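Each chain is listed here by its residues.
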Amino acid sequence: MAGAIRLSDYPIAALQALRHEASSTVNAIGVLRSMRALGSIPGSLVTCPADVYSGDAKRGAAMLDGRFQLAGDQLDARPGEAGIWARSTPSRAFARSLHGFGWLRDCAAADPSGQGSLQLVDAWVREFGRWNSFAWSQDVLSSRLMNWLRCGELLFTPPDVGDKDANKRHAARMRCLVRQARYLQRALPLAPDGTIRLRCAAALTLVGLCLPDQNALLKTAILAYGHEIDRQILPDGGHLSRAPRAVAEALIDLVTVRDVAAGLDVELPATLLRASDRLAPMARFFQMVDGGLASFHGGGEGDRAALAAVLERGDIKSRSFGFAPHSGYQRAHAGGATVLLDVGEPPRGALSVEAHASALAFELCTASGRLVVNCGWADDQPANWREAVRATAAHSTLTLEESSSARLLSPGWQRELLGPRLATSPGPVTARRNEEEMGVWLEGGHEGYREDYGLSHRRRVFLAADGGDVRGEDALFRPIEDGAPDDVNVRWRFAIRFHLHPSVRASLARDSMSVLLVQPSGAGWRFRCDGEPIRLERSVYLAAGAPPQRATQIVVQGEAEPFGAGDRPPNRVRWAFQRLGRIGGAAGENT
């Protein structure tokens with residue numbers, strides 16, 4: 001286990017905090033804000049971007065009635081001019097989602113006239129439209145700008161000339177949009193590194209394209225966007241955060257910007273035009289059979305329809321591949337089955353605030369749907385789950401002494417300054433791949449437990465050519481160069497977990513040495529192992545979005561010796577998922 005925080009991280013974080021505080025102080029002074037000229041306020045947008053995300057009319061109807069359910073909490077807004085904006089929110093995550101306006105398309109879907117949606121936006125403009133330290137923070141602001149523009153036809157289409165009140169409200173929305181864009185232009189260098197800064201650059205570019213006569217702003221935005229794309233998108237198409245969701249969202253935002261620019265005959269740099277050729281194949285790499293994403297490093301299944309709308313376009317190039325060396329993932333696909341294995345180190349520094357301790361975790365999806373998963377995460381889940389699902393035990397991999405292969409910063413001044421970063425890393429994570437006629441072998445190893453327990457973890461996974469046999473081996477071994485352990489009699493408890501998708505029914509055999517698994521289609525699989533008796537325990541699945549779903553996990557436990565090469569029990573456990581026929585199901589067959 002290696003340290004993931006450098007001494008230089010502390011002064012960098014302190015300086016960034018001081019810059020944020022200074023910026024907030026300056027913007028909190030109304031006189032200084034009023035001195036910043038906005039220039040002429042346009043009467044309308046040049047164009048509106050298409051929205052590939054779809055709205056939920058039922059959810060929107062509840063919000064129009066004052067019932068907002070966001071980030072795992074619910075808040076009922078009392079009638080009044082300010083409505084929801086006059087209420088104290090139950091959590092920061094709720095407030096972040098509320099002020100980000102991702103729900104606006106839901107309201108628009110429930111109210112074709114748009115009057116209810118406009119009232120909510122206009123109330124926000126009155127309450128927060130000049131500035132607010134939280135509502136105008138870069139992550140919230142960039143989300144709001146993207147969502148407002150994607151609902152641009154509703155928000156920024158000029159009303160009838162004779163309706164003075166409507167024209168006044170429209171002018172206020174346009175003025176607020178320009179003010180937010182100007183602020184984001186100044187605050188972009190202060191944006192947290194990673195997906196937030198990338199989205200800020202995308203949002204600023206989109207605003208610069210959609211607003212007329214914004215040449216200076218657009219030039220700044222395009223330069224910043226190209227720089228962040230070059231820096232954050234890896235050669236294999238992955239994102240620095242290693243999160244599949246980050247890849248999908250970056251692709252969707254980039255295609256949105258490209259489409260608007262093409263419609264206006266605005267030439268974008270080649271670096272932006274070519275980036276989708278890297279992002280699209282990587283997004284497909286992370287897709288499972290249901291169209292959703294695998295859940296690693298803070299991302300969930302994502303919006304299937306939005307991702308499909310982008311990937312199915314004729315101008316988006318895509319190719320299949322099995323190993324993403326820069327992102328640190330192995331993929332094998334055969335006979336309708338897909339295995340994804342995490343064989344990379346988690347990101348370090350500021351990028352690790354969303355990272356998970358998931359070294360050698362894997363997901364298994366069959367032709368009938370997801371079978372083995374990680375607990376995952378989605379932004380609309382209750383915040384009290386966030387830290388728990390970052391631990392190794394929330395992933396389908398091995399844990400030693402119920403500890404994680406990478407540790408979060410403990411509460412204290414360091415965490416207050418640096419945020420919930422990873423304090424340690426699993427060290428070098430190795431990867432190998434061997435493709436044979438019979439199938440594909442994936443192998444990885446990490447040293448996240450070597451410092452504390454003297455053992456390294458190695459995992460091998462085999463996917464047969466027909467997709468019906470997935471075999472694995474987990475081994476704990478002491479590296480030869482470490483010499484003999486101090487205490488040869490000590491035993492280290494380990495657990496190998498296989499979290500099952502909530503739709504999978506699991507039945508433990510009487511001898512506790514195998515488990516029958518049945519998917520919703522009736523497809524049957526059997527899990528076996530040569531280790532200790534198998535246990536079925538409760539689990540939870542958060543990757544599909546709120547609320548958390550109850551699930552089951554297969555747990556194989558044992559006690560490892562502090563020496564050996566991991567080539568025999570108890571330091572080696574072999575396991576397998578083998579496809580059966582249909583169990584019940586539509587055809588009524590049993591196997």
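The structure displayed is predicted, hence computed values, not measured ones. (Residues numbered from 1 in each chain as written. Predicted model: local features only at pLDDT ≥ 70, side-chain atom pairs only at ≥ 80, totals over all residues. Heavy atoms only, no water.)

## Quick notes on the packing of helix α9 (residues 164–187) against helix α10 (residues 195–210)
Where α9 meets α10, the axes come as close as 10 Å, and the angle between the chain directions of the two elements is 135°. Here α9 is positioned oblique relative to α10, judged by the angle of their axes. The way α9 lies across α10 gives a crossing that is left-handed. Mapping the contact onto sequence places Ala181, Leu184 and Gln185 in α9 and Cys200, Ala203, Leu204 and Val207 in α10. Considering only residue class, the contact of α9 with α10 consists of 6 nonpolar, 1 polar and no charged. (Axes fitted to C-alpha atoms, helices over the stretch in contact; angles between N-to-C directions. Helix = DSSP H or I, 4+ residues; strand = E, 2+ residues; numbered from the N terminus. Parallel < 35°, antiparallel > 145°, perpendicular 65-115°, else oblique. Left-handed = near helix turned anticlockwise from the far one by under 90°. Contact = heavy atoms within 4.5 Å. Nonpolar A, V, L, I, M, F, W, Y, C, P; charged D, E, K, R; others polar.)

## Comments concerning the layout of surface pockets
By volume, the second largest pocket amounts to about 350 Å³. Around the second largest pocket sit 16 residues that line it, and Gln115, Leu118, Ala166, Arg169 and Arg173 are the ones nearest its centre. Mapped by element, the contributors of at least two residues to the lining of the second largest pocket are α6 (115–128), α8 (152–156) and α9. When its residues are assigned to classes, the lining of the second largest pocket shows 5 nonpolar, 4 polar and 7 charged. (1 Å grid on protein atoms, 1.4 Å probe; cavity = no way out; pocket = protein on both sides within 12 Å on 5 of 7 lines; lining within 4 Å. Points joined across faces, edges and corners; volume = space filled by probe spheres on them.)

## Looking at the pattern of salt bridges
This structure, assessed with the given rule, holds 37 salt bridges. When the shortest N-O distance is used, the salt bridge between Arg105 and Asp51 registers 2.8 Å. One end of the pair, Arg105, is in helix α5 (residues 104–110); the other, Asp51, is in the loop between α2 (30–35) and α3 (57–64), with 54 residues separating them in the sequence. Taking relative accessible area as the criterion, Arg105 reaches 11% and is therefore assigned buried. In this structure, Asp379 engages Arg245 in a salt bridge whose closest nitrogen and oxygen atoms are separated by 2.9 Å. Of the two residues, Asp379 sits in the loop between β8 (369–373) and β9 (398–400) while Arg245 sits in helix α12 (residues 244–263), which places them 134 residues apart along the sequence. On the basis of relative accessible area, Arg245 is assigned to the partly exposed category, the value being 21%. (Salt bridge = Lys/Arg side-chain N within 4 Å of Asp/Glu carboxyl O. Buried < 20%, exposed > 50% of the residue type's maximum accessible area, 1.4 Å probe, protein only.)

## Here's the deal with α3
Of all the residues in α3, the buried ones are Gly60, Ala62 and Met63. The buried residues of α3 all sit within an arc of 160° when viewed along its axis, so they share a single face. The backbone nitrogen of Lys58 lies 3.1 Å from a side-chain oxygen of the residue at the head of α3, namely Asp56. Backbone geometry just downstream of α3 places Gly66 in the positive-phi region, at approximately 100°. (Arc of directions from axis to C-beta. Polar contact = N/O pair within 3.5 Å; in protein donor to acceptor, adjacent residues only side chain to side chain.)

## Some thoughts on the packing of α9 against helix α11 (residues 215–232)
Their axes nearest at 11 Å, the elements α9 and α11 cross at an angle of 40°. With respect to their mutual orientation, α9 and α11 come out oblique. Here α9 and α11 pass one another in a crossing that is left-handed. Two secondary-structure elements touch here, α9 through Ala181, Arg182 and Gln185 and α11 through Ala216, Leu217 and Thr220. Residues belonging to the contact of α9 with α11 are distributed by class as follows: 3 nonpolar, 2 polar and 1 charged.

## Brief notes about the side chain of Glu228
On the secondary structure map, Glu228 appears in helix α11. The residues contacting Glu228, other than those within four sequence positions of it, are Arg197, Leu198, Ala201 and Ile233.

## A word on the confidence of the model for the protein
Residues of the protein with pLDDT of at least 70 account for 96%, and the chain-wide mean is 92. This model gives residues 585–591 a pLDDT under 50, and the stretch forms 14 contacts once residues within four places in sequence are excluded. (pLDDT = per-residue confidence, 0-100.)

## Examining unusual backbone geometry
Of note, the amide linkage connecting Ala546 to Pro547 takes the cis form, showing an omega dihedral of -5°. Of note in this structure, Glu401 is not a glycine but carries a positive phi near 55°. Even without glycine at this site, Glu402 takes up a positive phi of about 55°. Positionally, Glu402 belongs in the loop between β9 and α15 (413–418). A relative accessible area of 47% means that Glu402 is categorised as partly exposed.

## Section: the packing of aromatic side chains
The geometry of an aromatic ring pair is captured by two quantities: the separation of the ring centres and the angle between the planes. Within this structure, the stated rule accounts for 26 aromatic pairs. Centre to centre, the rings of Phe296 and Tyr329 are 5.3 Å apart; their planes meet at 65°, and the pair counts as edge-to-face. Taken as a pair, Phe296 in the loop between α13 (270–286) and α14 (304–311) and Tyr329 in strand β5 (residues 329–334) lie far apart in primary sequence, 33 residues in all. Across this residue pair, the class does not change: Phe296 and Tyr329 are buried. Between Phe362 and Trp575, the ring centres sit 5.6 Å apart and the planes meet at 25°, which makes this aromatic pair stacked. In this pair, Phe362 is assigned in strand β7 (residues 362–366) and Trp575 in strand β21 (residues 572–582), connecting sequence segments 213 residues apart. An identical accessibility class is assigned to Phe362 and Trp575; each is buried. Taken together, the ring pairs connect Phe68, Trp85, Phe101, Trp103, Trp124, Phe128, Trp148 and Phe156 into an aromatic cluster. One residue, Arg242, lies across the ring of Tyr329, its end atom 4.6 Å from the ring centre. (Phe/Tyr/Trp six-rings, centres within 6.5 Å; stacked < 30°, edge-to-face > 60°. Lys NZ or Arg CZ within 6 Å of the ring centre and 35° of its normal.)

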